[in-house]
Every structure is written in structure tokens, then in C-alpha cells.
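Report on the structure
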Amino acid sequence: MTPLPKLSVIEMNFDASLNHDGQLVILVSEDGKLDDFGGRLNKLMNGAIDRALASDDFHSLDLGKVLLLSYPAGLKAQGLTIAKLNQNSGVYETRACGVEIAKTVKCKSILILNGEFQKAADLVEGLALRNYDYRDQKTHAKNTDFDLQVMVQSVQEYSDKINEKLAVIDGVFFTRDLINAPANILTTSSFADQLLALSELGIIVEVLDEPELEKLGMRTLLCVGQGSVSPSKVVVMHWNGGGSEAPFAFVGKGVVFDTGGISLKPAAGMEDMTMDMGGAGVVAGAMKALALRKAKANVVGVVGLVENMPSGNATRPGDVIKSMKGDTVEVINTDAEGRLVLADILWYTQERFNPTGMIDLATLTGAIIIGLGHEMAGVFSNSDILSKQFISAATAEGEGAWRMPLGQAYDKQLKSRIADMKNVGGRAASSITAGQFLKRFVKDNTPWAHLDIAGVASIAQESAFSPKGATGWGVRALNRMIADHYEGMEQEPSG
Ligand code: BES
Ligand code: MN
Ligand code: ZN
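In this report, we go over the structure that sits alongside the text. Owing to the predicted nature of the structure, the values given are computational and were not obtained by experimental measurement. (Residues numbered from 1 in each chain as written. Chains lettered and ligands numbered in written order. Predicted model: local features only at pLDDT ≥ 70, side-chain atom pairs only at ≥ 80, totals over all residues. Heavy atoms only, no water.)

On to the overall build of the protein chain. Check the secondary structure of the protein chain and you find 16 helices and 19 strands. The C-alpha radius of gyration computed for the protein chain amounts to 25 Å, which stays within 12% of the reference 23 Å derived for 495 residues, consistent with globular compactness. Dimensions along the principal axes, computed over C-alpha positions, put the protein chain at roughly 85 × 65 × 40 Å. A buried classification covers 58% of the 495 residues belonging to the protein chain. Expressed as a percentage of contacts within the protein chain between residues at least 6 apart in sequence, the contacts between residues at least 24 apart total 78%. Carbon and sulfur atoms make up 50% of the accessible area of the protein chain, which amounts to about 20400 Å² in all. Between the averaged position of the 47 positive side-chain charges in the protein chain and that of its 59 negative side-chain charges there is a distance of 4 Å. (Helix = DSSP H or I, 4+ residues; strand = E, 2+ residues; numbered from the N terminus. Rg over C-alpha atoms; globule rule 2.2 N^0.38 Å. Buried < 20%, exposed > 50% of the residue type's maximum accessible area, 1.4 Å probe, protein only. Contact = heavy atoms within 4.5 Å. Areas by Shrake-Rupley, 256 points an atom, 1.4 Å probe, with all protein chains shown as cover. Lys, Arg positive; Asp, Glu negative; His and termini not counted. Charge placed at Lys NZ, Arg CZ, Asp CG, Glu CD.)

Structure representation (C-alpha cells):
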């Protein structure tokens, strides 16, 4: 597991900052005025900070960017980072500044002299989010331990907020580690084991194995995994932090590897399909975040873990499969497997929990990458309220999400000659027909949103908040949506 920074939030203490031998970070607004601490450091450094602040380097620096002074005379520190931030800088700018600090500071011990800057938690969030490196498969991995001290005017005022951010980032890192893991390491069984370990945090975890899934009639899910030697599993995670109300549900596609099955994918780039469990990975990370910050909400996470492999036992194109709901599906293309997995777990989740709302996440279609690229996930929903709740939460967290259409007119593309539907609708609007397919397994009265995260779950270039590879997109948005709209839902007893 990639470690989180070892965080301490401490009172302002000048001597401690003088004795810090890692990187010191001071925040300076664009007027270039130093606060009391900064002034004292500047004196010890013979006015070097003042000269930096008077320079063009500082004047031409955008807000949220940083200037580095190495091995400052007069201090023990390895370096001093001047972060250009105003007292009234916004959340986005502040978070981005944290990211800049993470990108420019190589030293693994950082002391931020935050003082009275209000958005310390957002600064720490950006820094911690960007300071991630997946090294589990490197033999000679460097030590990634990372100390972060934040000096603040009042520990009491800042500590909880900063620690809550770190709890959520713990969830993000869990998701990234899962998504980055190769498929021979993260099998359906080892994935389920990692989810079972969440019970330490108070999450109740159930693992449903093949005989049970067979009994429940989850044939569309099982037919995806039947060509693999890894057993298919459904894992149900309950976080009961609320009262007696019905839970909100997260549902995730967990294809640990997608070869395409008998409709085999081309070799080039197939290795990327280790990330096809991204939906399940985000659900797992979001559950972890909720548990770590002890969210006052009931949330259930349901993930379908399967491996899509070709074999003598694999599902064939043309096979007709009966779903748990009872509808039959003609499998035209075994590479459109995610929707087969989701069909059964969406239905199961509603039958068992009657959730107040349901969001599924899936690396579902290549077409969503054509439509939205790697900046935004596609949001398909039967509810204006729920999609707004989610998109505003995502926007606040800087995670891109864009509403896409659904519509009955697209249904004709899913008509099958011999079964109730087929699993693909052709090239045109294929992200939408995938959504229409899922919608058939959603009850009319369940507020539901489907997030197609194929473009955002794992990317080849670094994103605003993460290095190359798994991003953890969605964990923070889901967490915020629960915090903003689904906590403290229990009715006050009347009378
Ligand atoms: N897992 C893929 C979608 C995908 C593509 C995710 C690229 C991430 C990056 C999915 O199972 C798939 O194969 N979809 C097909 C559907 C088609 C056969 C209708 C696709 O998008 O090509
Ligand atoms: Mn596929
Ligand atoms: Zn897939």
C-alpha cells in the first residue's frame, strides 16, 4: 500500500522551524509582504527572502505556483519554498498550490508554516493527493515515507479538517493501488480479500461465491467469468453510520482483466485492461473514506468481481443468458461484458436494499473516451436531482463529470431477434446504448446515475491531482455527495 504522509498539525513555533532539516514552506501573498515568522526567517537568511520577493521570478509567478530557494544560509532546512497564495485564494487555487509543492519538493520531510491561512486543509489535500507513487511491483523501491508537519495558529481549529481530508485521501490511495495492480496480483479472490479487510474499519463485508450467485440467478454476471479459472464473486460492503433509513448504494464493475473473451480484443494496448475493475475500485475507496471519517450515513457498496477470459468454457457470441431480473440477453459480443455484470448487481442491490439512490461506476465503453476524453466522466441518469447532486460534488472536488443523454429512442438498437435484448447496440452512440441497457435493470422509482469512467479511471498522462496511472477519480466526489446530501437523514422521532 502506498503510504499516506505522516501528518502532524502543530502550534506555531519559531525554534522548531529553524531546526527543521527538511523543506520549509512559507505562504506569501502577491503583495510580497512577509508575516512575522517570514520576517524573522528573512533576517536569519540575510534578506534572501526579500530579494526573492522583489525579483521578477516572484512577480511573474502565477498565484498557486512556487519559488524554490535551495540550502538557505542561516537555516538548517534543505530548502525553502515560497508558495504564492493570497489569504483569499480560492479552494481550486489552494489545492493546485499543494499539488505544485508536491511536484517541486523532492525532500520527504516538509514543514508548512501555515499560520492563519484559512484553507490549510485544501493545501494539504493537494499536496497529499499528488504525492503518490505506485511501487508495489518494484524490487528496489525507494522508501516512500513522507513526513508532513503543518504549523498553524490554532491546532484545535485546523486539525479536524486536515485529518478528515487525509481520511478521504486514504480512500483515494486504496482505489489507486487497486487499479494500478496487475491482474495476476489482483485476482477476484485477492480483491475480495482486500475488501474483507475493510471490516477492521467497521464496514460489514459479505462475499458471495459462485454457488450463492447461481442460487440467486445471477447468470449474466456469471457468464462473464465462466471462461476464467478465477471464481466470480460479488462483495457487499455495508457502512451503517446513519440511523434506520434505507441506504444509498454504490455499485461497481470489477472486471479484474478484460480480454474481450471470445470476441478477443486486439493485442495492442490490451495490458491496459487491468484497470477494468476501476468502478469496483472507486466503490471500495469511497466506502473506506466514509468509514475512516465515520460518515453519519448508511451506504452500501456492491461490486461484481469477474475475469473476462476466452476458453473452452467461455460464453460464446450468440449465447442467450437469463439475468437475475428474468430478462434474457443475447450476447452478441462477449467484449460488452461490463453491462452483463452490472445488470445483475444493479437488480440485486435494489431487490435487497431498496436504496434511496443508486450510483454505478464502470469503465464501460471506449466510446466515452471519444466523447469526453480523459477530463470528464459521462453521467447518465434517470434523475435530475441525483445527477445534479453528483455533478456539483464532483465539480467542487475538481473531478470532471458531464451529463449525457438517455432516451427511449435508443432502445431499438438493443432489439434482439431471439431474446429480450442484445448486449450491444452497434457503433452509433454506444456509450448511450450501454446506459440504456443498464436502465432496463433499474426500477423506475430508484433515483439512479451511471458513471462511465473509462476515460478517467486510469490515464497515460498525469492529471491535475495524480501522477500517471490510476487517478482515484470519483472517491472524493462520492464522499462529498454523501456528506452534502445523505448524512443525518434519520427522521426525528415525532411526538
Ligand atoms: N472495458 C471495456 C471498455 C474500455 C475501453 C475501458 C477502453 C477502458 C478503456 C469494455 O468492456 C468494452 O470492451 N467495451 C466495448 C463495448 C463494445 C464491444 C460494444 C467498447 O467500448 O469497445
Ligand atoms: Mn470489454
Ligand atoms: Zn470491460
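Turning to the coordination of the manganese ion (ligand 2), a few remarks are in order. The manganese ion (ligand 2) binds to the protein through Asp-258 (OD), Asp-335 (O), Asp-335 (OD) and Glu-337 (OE), with metal-donor distances spanning 2.0 to 2.2 Å. For the manganese ion (ligand 2), the 6 donor atoms in the first shell make angles of 71 to 166 degrees at the metal, so the coordination geometry reads as irregular. Separation of the manganese ion (ligand 2) from the zinc ion (ligand 3) amounts to 3.2 Å, with Asp-258 serving as a shared donor to the pair. Taken together, the residues span a long stretch of sequence, with Asp-258 in strand S9 (residues 248-258) and Glu-337 in the loop between strand S12 (328-330) and helix H12 (338-353) at a distance of 79 residues. Judged by relative accessible area, Asp-258 falls into the buried class, the value being 3%. (Donors = N, O, S within 2.8 Å, 3.2 Å for Na, K, Ca; no water. Tetrahedral: all angles 85-135°; square planar, octahedral: opposite > 155°, others 65-115°.)

Within the structure shown, the criterion is met by 6 aromatic pairs. Between Phe-248 and Phe-250 the ring centres are 5.8 Å apart and the planes differ by 65 degrees, which places this aromatic pair in the edge-to-face class. Owing to a relative accessible area of 0%, Phe-250 belongs among the buried residues under this scheme. Ring centres 5.5 Å apart and planes at 40 degrees place the aromatic pair Phe-437 and Phe-441 in the tilted group. Each member of the pair, Phe-437 as well as Phe-441, carries the same accessibility label: buried. The positively charged end of Arg-40 is found above the aromatic ring belonging to Phe-37, 5.8 Å away from the centroid. (Phe/Tyr/Trp six-rings, centres within 6.5 Å; stacked < 30°, edge-to-face > 60°. Lys NZ or Arg CZ within 6 Å of the ring centre and 35° of its normal.)

Once that is clear, we can look at unusual backbone geometry. Even without glycine at this site, Tyr-71 takes up a positive phi of about 40 degrees. Here Tyr-71 is to be found in the loop between strand S3 (66-70) and strand S4 (79-84). Overall, Tyr-71 belongs to the exposed group, its relative accessible area being 64%. The phi dihedral of Asn-354 falls on the positive side, at around 40 degrees, and the residue is not glycine. As for its position among the elements, Asn-354 is in the loop between H12 and strand S13 (357-362).

The subject of this paragraph is the pattern of salt bridges. Charged atoms that come close allow side chains of opposite charge to pair. Within the structure shown, the criterion is met by 28 salt bridges. Asp-36 is the salt-bridge partner of Arg-40, the closest N and O atoms lying 3.5 Å from each other. With Arg-40 and Asp-36 both in helix H2 (residues 36-44) and 4 residues apart, this pair spans about one turn of that helix. Under the relative-accessibility criterion, Arg-40 is labelled partly exposed at 37%. (Salt bridge = Lys/Arg side-chain N within 4 Å of Asp/Glu carboxyl O.)

This part is about the sheet that holds strand S16 (residues 421-422). One open sheet accounts for 3 strands, arranged S11-S12-S16; its pairing is mixed. The open sheet has two edge strands, strand S11 (320-322) and S16, and neither has a second partner. Across 2 bridges, S12 lies against S16 in parallel orientation. If you follow Val-329 over to S16, its bridge partner there is Met-421. (Pairing = 2+ DSSP bridges.)

Before going further, it helps to spend a moment on the coordination of the zinc ion (ligand 3). Of the protein atoms, only Lys-253 (NZ), Asp-258 (OD), Asp-276 (OD) and Glu-337 (OE) coordinate the zinc ion (ligand 3), at distances of 2.0 to 2.4 Å. Between the 6 donor atoms coordinating the zinc ion (ligand 3), the angles at the centre fall across 77 to 174 degrees, so the site counts as octahedral. Sequence spacing among the residues donating to the zinc ion (ligand 3) works out to K-x4-D-x17-D-x60-E.

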